[in-house]
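Listed here are the chains, written in short residue letters.
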Amino acid sequence: MEQLKDSMFTVLDDMDDSDYFNIITFSNAVSHWKPENDRKAENFVQGAQKVIPATKENINDAIRHILGLQAGGGTNINDAMLEGVKLAEYALQNEKLPQEVQSMIVFLTDGLASSGETNGNAIKNNIKNANSKLDVPIFCIGFGRDADFNLMKDISEQANSFSKRIYEGSDAALQLEDFYAEIASPLISNLKFDYVGGLVNNSSISSTSLKTFFKGGEYVIVGKLEDREIQDNEVLSIKVIGDGKRGSYERNIEICLQPNNENKIETEQLRIPIIPPSVCVLPSSFPPRSLAEDFMQKLHAFINIKQLIKESDLSNEEPEGPHRVEALKLALENNFVTDLT
């Protein structure tokens, strides 16, 4: 419990006036926190949903609330998660958040699901269904050995987010040092990459969309070009679109493709600088690679296998479903050990 409180202090301390928040506490039941000024208001309604500006006064009031929390009762993960999704939905539907603010859920727990719905698969399905329209990122933090971290990890992954485990007997604030810094700076939402033209084998491309791109993050897409000879001056065109803080984001990237025989550049030739034309980006040239260094095919298979298995799990696909069949084929071709092999 002390580690959980330390983590809450870390998250709250990193907020500024542009942020909005609420705190949902749960044991057997679920309840919403309200600032002291709201509780004194004449129109105060117990348990009403609300997002609260992260003013200094509200942050201090929230810290006092956290200091008073006591462990007790069960752990109703299902209802707490669903309440968090409802709150995000309420904030978006009632336009309570500025356009540049990205909704997200940070879920902290130190226990197993022991109250309400306790079946892990049912909990995941309930959250997936509730979050299907909004697709709100859910970042889970599990504390100690009693937390069901596998469940936390699965919940975060199906929301295209990540989870973090805080180990016992250590400084939780130190372990979370970079956590809030990473999730506090969303740059682009609904990011999509479109490979234009007929150069790319579309069936080979990994996922080309991302719900939220955060500052300092990276996103890897792998795929294959069509199996044919590349001609001089051919260009791979990529259109990138998304929603930025100041409106729509759009960028067009063009990559010059060298003919296949240009990949056999001698090492001595690499000393001569190659100036790319202004219209497109020229791929980097490297000395010949060893077999161990030539890993691009393995990377392509690895990322696609992970995504295919994830899509299969999210859609409750049958064992012989198309995603699993394709993942198994890639795993066997590239000698990867997976749950399917």
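Attention in this report is confined to the structure presented alongside it. Counting restarts for each chain, with residues numbered from 1 along the sequence as it is written. In keeping with the predicted nature of the model, local features appear solely for residues at pLDDT of at least 70, side-chain atom pairs appear and are counted solely at 80 or more, and the whole-chain, interface and lining totals rest on all residues. Computation of side-chain values covers all heavy atoms of the structure but excludes hydrogens and water.

Turning to the overall build of the protein, a few remarks are in order. Secondary structure assignment for the protein yields 10 helices and 13 strands. Split into buried and exposed, the 341 residues of the protein put 35% on the buried side. Residues are treated as being in contact if the distance between any of their heavy atoms lies within 4.5 Å. Long-range pairs, those at least 24 residues apart, make up 66% of the contacts in the protein with a sequence separation of at least 6. Of the roughly 20,600 Å² of accessible surface on the protein, 48% is carried by carbon and sulfur atoms. Going along the chain from the N terminus, every DSSP run of H or I of four or more residues is numbered as a helix, and every run of E of two or more is numbered as a strand. Exposure classes here rest on a 1.4 Å probe applied to the protein chains alone. A residue is buried below 20% of its type maximum, exposed above 50%, and partly exposed in between. Note that accessible areas follow from Shrake-Rupley with a 1.4 Å probe, and for residues the cover is restricted to the protein chains shown.

With respect to topology, four strands assemble into an open sheet ordered E10-E8-E12-E13, the strand pairing being antiparallel. Each end of this open sheet is capped by a strand with a single partner; those strands are strand E10 (209-214) and strand E13 (247-256). Here the average twist between neighbouring strands, direction ignored, is 25 degrees. Summarising the sheet, strand E8 (residues 186-196) and E10 pair through five bridges and their orientation is antiparallel. Residue proline 186 lies in a different strand from E10, and its bridge partner there is phenylalanine 214. Two strands qualify as a pair provided DSSP detects at least 2 bridges between them. Axes, fitted as lines to C-alpha atoms, cover a helix only where it is in contact. Angles between the N-to-C directions of the axes lie from 0 to 180 degrees.

Within this document, salt bridges are pairs made up of a side-chain nitrogen of Lys or Arg and a carboxyl oxygen of Asp or Glu, the two lying within 4 Å of each other. In this structure the tally under the stated criterion is four salt bridges. Its salt-bridge partner being lysine 239, residue glutamate 250 comes within 3.9 Å of it at the nearest N-O pair. Of this pair, glutamate 250 sits in strand E13 while lysine 239 sits in strand E12 (residues 235-244); the two residues are 11 residues apart in sequence, bridging distant segments of the chain.

It is worth spelling out the packing of aromatic side chains at this point. Any two of the Phe, Tyr and Trp rings considered here, Trp counted by its six-membered ring, make a pair once their centres fall within 6.5 Å; the pair's planes then place it as stacked at under 30 degrees, edge-to-face at over 60, or tilted in between. The tally for this structure, following the rule as stated, stands at six aromatic pairs. Between phenylalanine 21 and tryptophan 33 the ring centres are 5.5 Å apart and the planes differ by 20 degrees, which places this aromatic pair in the stacked class. Here the residue phenylalanine 21 occupies a position in strand E1 (residues 20-21), and tryptophan 33 occupies one in the loop between strand E3 (30-32) and helix H2 (36-40), the gap between them amounting to 12 residues. Residue tryptophan 33 is classed as buried on the basis of its relative accessible area, which comes to 2%. A centroid spacing of 5.9 Å and a plane angle of 65 degrees characterise the contact between phenylalanine 139 and phenylalanine 214, whose relative ring orientation is edge-to-face. Residue phenylalanine 139 is found in strand E6 (residues 138-143), and its partner phenylalanine 214 is found in strand E10; the two are separated by 75 residues along the sequence. We note that phenylalanine 139, like phenylalanine 214, is buried. Members of the aromatic cluster, each reached through a chain of ring pairs, are Phe139, Phe162 and Phe214. In this scheme, the term charge over a ring applies when either NZ of a lysine or CZ of an arginine sits within 6 Å of the ring centre and within 35 degrees of the ring normal. Over the ring of phenylalanine 336 we find lysine 298; its NZ or CZ atom is 5.8 Å from the centre of that ring.

On to the side chain of asparagine 78, then. By the secondary structure assignment, asparagine 78 is in helix H4 (residues 77-93). The exposure class of asparagine 78 is buried, given its relative accessible area of 5%. If we skip the residues at most four places from it in the chain, asparagine 78 touches Glu117, Ile123 and Asn126.

This paragraph deals with the nonpolar core. Across soluble globular proteins, nonpolar side chains show a tendency to be buried alongside one another. Formed by 24 residues in total, the largest nonpolar core has its most connected members in Leu12, Met15, Phe21, Ile23 and Ile141. Elements with a contribution of two residues or more to this core: helix H1 (2-13), helix H3 (56-67), E6 and helix H8 (179-183). At four residues, the largest contribution of residues to this core is made by H1. With near-sequence residues (within four places) excluded, leucine 12 lies in contact with Phe21, Ile59, Ala62, Ile63 and Ile66. Buried residues of nine kinds, namely Ala, Val, Leu, Ile, Met, Phe, Trp, Tyr and Cys, make up a nonpolar core once their side-chain atoms join them within 4.5 Å. By size, the runner-up hydrophobic cluster in this structure holds 18 residues, among which are Ala113, Cys140, Phe149 and Ile155.

The interhelical angle for the contact between helix H5 (residues 120-130) and helix H6 (residues 149-158), taken along N-to-C directions, is 25 degrees, at an axis separation of 10 Å. Of the possible angle classes, the one that applies to H5 and H6 is roughly parallel. The element H5 and its partner H6 pack so that their crossing is right-handed. Side by side, H5 and H6 meet where Gly120, Ile123, Lys124, Ile127 and Lys128 of the first sit next to Leu151, Asp154, Ile155 and Gln158 of the second. Three categories are distinguished: nonpolar for Ala, Val, Leu, Ile, Met, Phe, Trp, Tyr, Cys and Pro, charged for Asp, Glu, Lys and Arg, and polar for the others, with Gly belonging to the last. Here the residues of the contact of H5 with H6 are counted per class, giving four nonpolar, two polar and three charged. Throughout this description, any angle smaller than 35 degrees is read as roughly parallel, any larger than 145 degrees as roughly antiparallel, any in the 65 to 115 degree range as roughly perpendicular, and the remainder as oblique. Crossing chirality is assigned from the near helix's rotation relative to the far helix, an anticlockwise turn below a right angle marking it left-handed and a clockwise turn marking it right-handed.

It is worth spelling out the pairing of E8 at this point. For a regular strand, the rule is simple: side chains alternate between the two faces of the sheet. Pairing of E8 with E12, which is carried by seven bridges, proceeds in the antiparallel orientation. What sits directly across from tyrosine 195, in E12, is isoleucine 238.

Moving on, we come to the side chain of asparagine 304. By the secondary structure assignment, asparagine 304 is in helix H9 (residues 296-314). Setting aside residues up to four positions removed in sequence, asparagine 304 forms contacts with Ser204, Ile205, Ser206, Val222 and Leu330.

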